[in-house]
Amino acid sequence: RSRRGGTGRDRGDTGSAMDPPSAAGLGGADPQLQRFIEVETQKQRFQQLVHQMTELCWEKCMDKPGPKLDSRAETCFVNCVERFIDTSQFILNRLEQTQKSKSAFSESLSD
């Protein structure tokens with residue numbers, strides 16, 4: 001099956017209809033069950049990231065599939081994966097900073 005033809009899904013589709021319920025939404029549920037759901041949710045998010053990275057880098061770097069990668073395609077894949085990881089980490093750090101700023105601002109208002 002050729003990956004160039006796409007998967008029939010929009011790129012922005014993350015399968016949210018199949019996301020497991022969040023542990024916070026379980027209220028007084030068993031802590032072990034909550035932890036299991038948190039771990040499974042993290043696994044699912046990781047798999048989605050890998051899928052996005054694979055699709056993005058394949059489209060960007062693979063001109064003509066052949067029996068082996070040429071050095072240009074290999075270098076492109078390495079750079080693509082590294083930039084994807086850098087970008088993901090940057091976004092995560094920015095979101096954490098934003099969340100901390102909002103928390104600090106909310107606390108200063110309540111004082």
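In this text the structure is predicted, and so the values were computed from the model without any measurement.

Reading guide: rules and limits
Per chain, residues are indexed from 1 in the order of the written sequence. Thresholds applied to this predicted model are a pLDDT of at least 70 for local features of residues and 80 or more for the giving and counting of side-chain atom pairs; totals over whole chains, interfaces and linings are not thresholded and use all residues. The side-chain numbers reported here are obtained from all heavy atoms of the structure, hydrogens and water having been left aside. Helix and strand definitions here come from DSSP, where helices need a minimum of 4 consecutive H or I residues and strands a minimum of 2 consecutive E residues; each element is numbered from the N-terminal end. To estimate the expected span of a helix, subtract one from its residue number and multiply by 1.5 Å. Here the term buried applies to any residue with accessible area under 20% of the maximum for its type, exposed to any over 50%, and partly exposed to those in between, with areas from a 1.4 Å probe on protein chains only. Any two residues having at least one pair of non-hydrogen atoms within 4.5 Å are treated as being in contact. Two kinds of site are reported from a 1 Å grid over the protein atoms alone, namely cavities, where a 1.4 Å probe fits but cannot get out, and pockets, open sets with protein on both sides within 12 Å along at least five of seven lines, and residues are called lining when an atom falls within 4 Å of a point. Grid points are joined across faces, edges and corners, and a volume is the space filled by probe spheres set on the points. Any residue that is not Ala, Val, Leu, Ile, Met, Phe, Trp, Tyr, Cys, Pro, Asp, Glu, Lys or Arg is counted as polar, Gly included; the first ten are nonpolar and the last four charged.

## Brief notes about helix 1 (residues 31-61)
Because the α-helix completes a turn every 3.6 residues, residues three or four places apart line up on one side.
And step 1. In this model helix 1 runs 44 Å from its N-terminal to its C-terminal C-alpha over 31 residues, within 8% of the 45 Å that 1.5 Å per residue would give.
And step 2. Buried within helix 1 are the following residues: Gln34, Ile37, Thr41, Gln44, Met53, Glu55, Cys57 and Cys61.
And step 3. Looking at the buried positions of helix 1, the neighbouring elements they touch are helix 2 (71-110).

## Notes on the layout of surface pockets
Rolled over the atoms, a probe sized like a water molecule indicates the empty space that remains.
And step 1. What the largest pocket holds in volume is close to 420 Å³.
And step 2. Leu49, Phe84, Ile85, Ser88 and Gln89 are the residues nearest the centre of the largest pocket, which is lined by 13 residues in total.
And step 3. When residues of the lining of the largest pocket are traced back to their parent elements, those giving at least two are helix 1 and helix 2.
And step 4. No other element matches the eight residues that helix 2 contributes to the lining of the largest pocket.
And step 5. Considering only residue class, the lining of the largest pocket consists of nine nonpolar, four polar and no charged.

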